[in-house]
Amino acid sequence: MFATASKPTAAMRVLSAMRRFSTTTTATTSKSSVSSAHWDEHWSKEKLQAHSDQHVMATWGPGSAFRSAPLLTRGEGPYLFDIDGNKFLDWTSQAICTNLGYSVPDTVQEAVIKQMKSLPMVYGGLGNTEIRVRLAALLSELLPGDLSGFLFPSGGSEANEAAIRIARRFTGRSKVITHYRSYHGGTAHSLTATGDFRRGFAEAGGAPVGFVKTMNPTDTHLFSFGATEEERATQALAYLEEQIQCEGPTTIAAMMFESVIGSGGVHLAPKGYMEGVRALCDKYGILLICDEVMVGFGRTGKFWGFQHYDILPDIVTSAKGLTGAYLPLSMVATRSHIKDYFETNALGWGATFQAHPVSLAAGYECVKFMLEKDLVGHAKNVIEPIMKEELDKLVGKYACIARSRCSGAFGCMDLVDPRSGVPVQNFDGSNSTHPTAVSTLRAALRANGIIGFVRPPMFHCAPALVIQPDELKDGFRRVDLALGEFDRAFGA
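In short, a report on the structure. These numbers come from a predicted model, not from an experiment. One numbering rule holds for all chains: residues counted from 1, following each sequence as written. For a predicted model such as this one, the threshold for reporting local features is a pLDDT of at least 70, and the threshold for listing and counting side-chain atom pairs is 80 or more; totals across whole chains, interfaces and linings nevertheless cover every residue. To obtain the side-chain values, all non-hydrogen atoms of the structure were used and water was disregarded.

1. Side note on the pairing of strand S7 (residues 252-258)
Consecutive side chains of a regular strand alternate in pointing toward one face of the sheet and then the other. Remark: exposure states derive from per-residue accessible area (1.4 Å probe, protein chains only) relative to the maximum for the residue type, with buried under 20%, exposed over 50%, and partly exposed in between. Secondary structure elements follow DSSP: runs of H or I of four or more residues count as helices, runs of E of two or more count as strands, with numbering from the N terminus. Across the seven residues of S7, seven count as buried, placing the element largely inside the fold. If DSSP finds at least two bridges between two strands, the strands pair. Here strand S5 (residues 175-179) runs beside S7; their pairing, made up of three bridges, is parallel. Within S7, the residue paired with Ile-177 across the bridge is Met-255. Pairing analysis gives five bridges linking S7 to strand S10 (residues 287-292), with the strands arranged parallel. Residue pairing across strands places Glu-258 opposite Asp-291, the latter belonging to S10.

2. Things to note about helix H7 (residues 156-171)
Taking 1.5 Å as the rise per residue, H7 with 16 residues should run 22 Å; its terminal C-alpha atoms sit 22 Å apart, in good agreement. Every buried residue belonging to H7 is among Gly-156, Ala-159, Asn-160, Glu-161, Ala-162, Ala-163, Ile-164, Ile-166, Ala-167 and Arg-168, and all of these are buried. Phi turns positive, to about 75°, at Gly-172, one or two residues after H7. Here the expected length of a helix is defined as 1.5 Å per residue gap, with one fewer gap than residues.

3. Things to note about the packing of helix H10 (residues 229-247) against helix H11 (residues 273-284)
The contact between H10 and H11 brings their axes to 9 Å, and the two run at 25°. One element, H10, and the other, H11, form an angle in the roughly parallel class. Like other packed secondary-structure pairs, H10 and H11 cross with a definite hand, here right-handed. Across the interface between the two elements, Ala-233, Ala-236, Leu-237, Leu-240, Glu-241, Ile-244 and Gln-245 of H10 pack against Tyr-273, Gly-276, Val-277, Leu-280, Lys-283 and Tyr-284 of H11. In this classification, Asp, Glu, Lys and Arg are treated as charged, Ala, Val, Leu, Ile, Met, Phe, Trp, Tyr, Cys and Pro as nonpolar, and every other residue, Gly included, as polar. When its residues are assigned to classes, the contact of H10 with H11 shows nine nonpolar, two polar and two charged. The axes used here are C-alpha line fits, helices contributing only the stretch in contact, and every angle between their N-to-C directions lies in the interval 0 to 180 degrees. Roughly parallel means an angle under 35 degrees; roughly antiparallel means over 145; roughly perpendicular covers 65 to 115; every other angle is labelled oblique. With the far helix as reference, a near helix turned anticlockwise by less than a right angle produces a left-handed crossing, and one turned clockwise produces a right-handed crossing. Pairs of residues are marked as contacts when any of their non-hydrogen atoms sit within 4.5 Å.

4. Describing the packing of aromatic side chains
Stacked, tilted and edge-to-face are the three classes applied to pairs of Phe, Tyr and Trp rings, where Trp contributes its six-membered ring and a pair requires centres within 6.5 Å; stacked means planes under 30 degrees apart, edge-to-face means over 60, and tilted covers the rest. Throughout the structure, instances matching the rule amount to 13 aromatic pairs. Summarising the aromatic geometry, the rings of Phe-170 and Tyr-341 are spaced 5.1 Å apart at their centres and angled 80° between planes, so their arrangement reads as edge-to-face. Separated by 171 residues along the polypeptide, Phe-170 in helix H7 and Tyr-341 in helix H12 (residues 336-341) bring together distant segments of the chain. On the basis of relative accessible area, Tyr-341 is assigned to the partly exposed category, the value being 29%.

As structure tokens, this is what we get:
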């Protein structure tokens, strides 16, 4: 007789499943285990597109929308080139970050190669480096007052995360007040601190707590704190102090504001507002964090955006312009009493790539290049006058542009539906009054050789700080052609 097979036990079933898993997921580690195409110097456009469709994921928007993005291959000055040889003027320094354009200064290239050869990596908690000390010393000379203690995270979001952690640990309080029209980054706390629609991505998944929003002091088409700058500042500050009282002053660690509102439309605060915020912080023992991720390093015609006001922040964060986006690097600067506190208390924040020596080498030389070429002066004295003149022309020419603003090399137009005067869509793309007109604008910009950060109802203008007058005027000529198609679309 044949023996009856015993029923498999739970352990036997698990073991069998593990064997099946190991045979289907274990990969060899030799060169022969991957495609030989990885050793080819170039891939065809078709091959790149096919692999992009299979493997490359988008970030803020759906992947399907990203499939039509240009395949960029090189850059020169303020221009980008795609795989088909098309030349585009980068109208917004990508995400307001490639401040030095695409012709990397020789000094930056040499410093990066030198650092790579001598010491490519040091974990910031294990040891110090000369380049870390030198960049911190240089930035301390460029910041006013006693802003003299520095961290060097990898990006703006991470810098704001660190700033929030510092404020909470220094004060022993938890709440952070931010503006509704603001963006502070894509990580958990920085995105929850954000006021615009993107914070919903964090809130939908269980966002960190302790963030309080307040209204910006600037106008919208729906609301204003007053008819003059003085009225707006006075009323907005009264509103803010009422919030502080209602929240409980001793629960608030910091107010974190963009020195100049960036992606939300290039808005400077009305005269007296930021000075009043500083006074409220002093009155209630609250730290003032100025988020300069977008506007630091000369973008607005001053080295730091907060220098448009008579204030000294307690903490400053910045990124993008620090290395011209050549390598990932950001900074957190603190005043001396905060730095001194953490000499004997754990700061409680860190990251593997904090103070990465190769990125620091790039940042050090980029800042020196900015100083040698006086790019802040170029933004204020060369770019700003041209930008103001050209923006005024466009506002006067097209009913689809309600108004414009500009500071240094940072400008913005407000796009409206000329039939009603209301914004052509919400910032998140919803409630578009004329979707065809918006898609027409995007296509027309591309067809006229303009590429950049375009998110109606705001249309930013933020070229590289190295752009020359003829290049900037040519850019406005191209933008004019695209806006003409946008304007005509409403009458179609």
